[in-house]
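Listed here are the chains, written in short residue letters.
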Amino acid sequence: AQSVTQLGSHVSVSEGALVLLRCNYSSSVPPYLFWYVQYPNQGLQLLLKYTTGATLVKGINGFEAEFKKSETSFHLTKPSAHMSDAAEYFCAVSSNSGYALNFGKGTSLLVTP
Amino acid sequence: ETGVTQSPTHLIKTRGQQVTLRCSSQSGHNTVSWYQQALGQGPQFIFQYYREEENGRGNFPPRFSGLQFPNYSSELNVNALELDDSALYLCASSWGEGRNTEAFFGQGTRLTVV
C-alpha cells in the first residue's frame with residue numbers, strides 16, 4: 001500500500017528563513033505525490049503535485065518540492081518564510097487504484113517574527 | 001465557477017444518533033470523495049463516488065454510507081454515532097478518477113458527538 005511519513009509534527013522558522021518540510025513515501029508503483037496546505041478552520045488547498053517528468057515541481061505561494069526516487073523523498077521548501085505561511089501542511093500519495101489520497105499526519109509550521 | 005461547498009459547517013450530535021452531511025461539488029466535476037480528519041491527524045479516505053456509483057472505499061464500517069446525485073452533489077450518512085466519530089469531515093471533488101487527478105476540497109463539516 002502507498003503511504004507517506006512526515007518527519008516533524010511541528011516546525012518553527014523565523015520570518016525570512018528557509019522552510020523545509022520533510023516527506024518520505026512508500027509505494028509499490030511510481031508514485032503520484034501531493035502537498036496540501038490547511039489554514040485554521042479551512043479545507044485543504046493544493047500547493048503542488050508530482051506525477052511524471054521534471055522532478056523539481058514548483059507550486060503556489062513560492063513553494064517547491066523535489067522528487068528524489070533514490071531517497072524516496074518529496075520534501076517541500078520555500079526560500080523565505082512569510083508570516084502568512086503559518087499553517088498545517090500535508091503530504092499525500094495517490095493510491096494504486098487512484099481513487100484515494102493517503103495523507104501523512106501533517107506538519108504544523110510556525111513562523112516567528 | 002463555484003468551489004466545493006459543504007453543509008452544515010458545524011453540528012453536535014448525541015451518541016447513537018444518525019447524521020447526514022452534504023457536499024456540492026465544484027462545477028464540472030463528476031467525482032466526489034469523502035475524508036475524515038480526526039484532531040491532530042491527516043485526512044483518512046472514507047469512500048469515493050464516480051457517476052453516482054461507489055467506486056472505492058477505505059477502512060470504515062458499513063454504518064458510514066453515501067450517495068451521489070445526478071447533479072454530482074453528495075451525502076455522507078453515519079448511523080449509530082460513536083464518540084470517536086467526532087472529526088472534521090472533508091469532501092473533495094474532481095474530474096475523473098485517475099491517480100493524478102487534482103482534488104478540490106471543501107471547508108469541511110466539524111462533527112462533535114457527545
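In case you missed it, the structure is sitting above this.
Computed from a predicted model, the values in this text were never measured in an experiment. (Residues numbered from 1 in each chain as written. Chains lettered and ligands numbered in written order. Predicted model: local features only at pLDDT ≥ 70, side-chain atom pairs only at ≥ 80, totals over all residues. Heavy atoms only, no water.)

S.K.: Where do I start with the side chain of B:S94 in this structure?
M.R.: Along the chain, B:S94 falls in strand β9 (residues 87-94). Those residues in contact with B:S94 that sit more than four places away from it in its chain are B:H29, B:N30, B:T31, B:T101, B:E102 and B:A103. (Helix = DSSP H or I, 4+ residues; strand = E, 2+ residues; numbered from the N terminus. Contact = heavy atoms within 4.5 Å.)

S.K.: What should I look at first to understand the pattern of salt bridges in this one?
M.R.: Between side chains of opposite charge, a pair can form when the charged atoms approach closely. Evaluation of the coordinates by the stated rule reveals six salt bridges over all chains. Of the charged contacts in the structure, one is a salt bridge between A:K58 and A:E64, with a shortest N-O distance of 2.8 Å. Among the residues examined, A:K58 registers a relative accessible area of 62% and is labelled exposed. Given a relative accessible area of 22%, A:E64 falls into the partly exposed group. Each of B:R63, B:E82 and B:D85 takes part in salt bridges that share partners, so that together they form one network. (Salt bridge = Lys/Arg side-chain N within 4 Å of Asp/Glu carboxyl O. Buried < 20%, exposed > 50% of the residue type's maximum accessible area, 1.4 Å probe, protein only.)

S.K.: Would you mind going over the pairing of strand β4 (residues 31-37) of chain B with me for this structure?
M.R.: Residues and elements named next belong to chain B. Taking burial as the measure, the seven residues of β4 include seven buried ones, the bulk of the element. With burial as the criterion, each face of β4 is covered, one bearing T31, S33, Y35 and Q37 and the other bearing V32, W34 and Q36. With six bridges joining them, β4 and strand β5 (residues 44-50) adopt antiparallel strand pairing. Note that in β5 the partner of S33 across the bridge is Q48. Hairpin connection, β4 to β5: the antiparallel pair is bridged by six residues, and G40 has positive phi, about 75°. Of the strand pairs in this sheet, β4 and β9 are connected by seven bridges, and their pairing is antiparallel. From the neighbouring strand, T31 faces β9, where its bridge partner is S94. (Pairing = 2+ DSSP bridges.)

S.K.: Teacher, can you tell me more about the interface of chain A and chain B here?
M.R.: Where the parts come together, the accessible area they lose is often given as the size of the interface. Taken residue by residue, the interface counts 26 residues in chain A and 24 residues in chain B. Between chain A and chain B, roughly 1,800 Å² of surface is buried when both sides are summed, and carbon and sulfur atoms account for 51% of that area. Per-residue buried area on chain A facing chain B is highest for A:L44, A:Y99 and A:F103; these three make up 30% of the total on that side. Our count for the contact surface shared by chain A and chain B stands at zero salt bridges. Elements supplying a minimum of two residues to the side of chain A that touches chain B: β4 (33-38), β5 (44-50), β9 (87-94) and β10 (101-103) of chain A. For the side of chain A that touches chain B, the class distribution of residues is 13 nonpolar, 11 polar and two charged. (Buried area = accessible area lost by both parts, 1.4 Å probe. Nonpolar A, V, L, I, M, F, W, Y, C, P; charged D, E, K, R; others polar.)

S.K.: Explain the environment of A:T5 to me, please; I cannot follow it from the model alone.
M.R.: Residue and element names in this part refer to chain A. Within the element layout of this structure, T5 appears in strand β1 (residues 3-7). Between the C-alpha atom of T5 and that of S73, which follows or precedes it by 68 residues, the distance is 9.4 Å. Those residues within four positions of T5 in sequence are excluded, and the remaining contacts are R22, C23 and N24.

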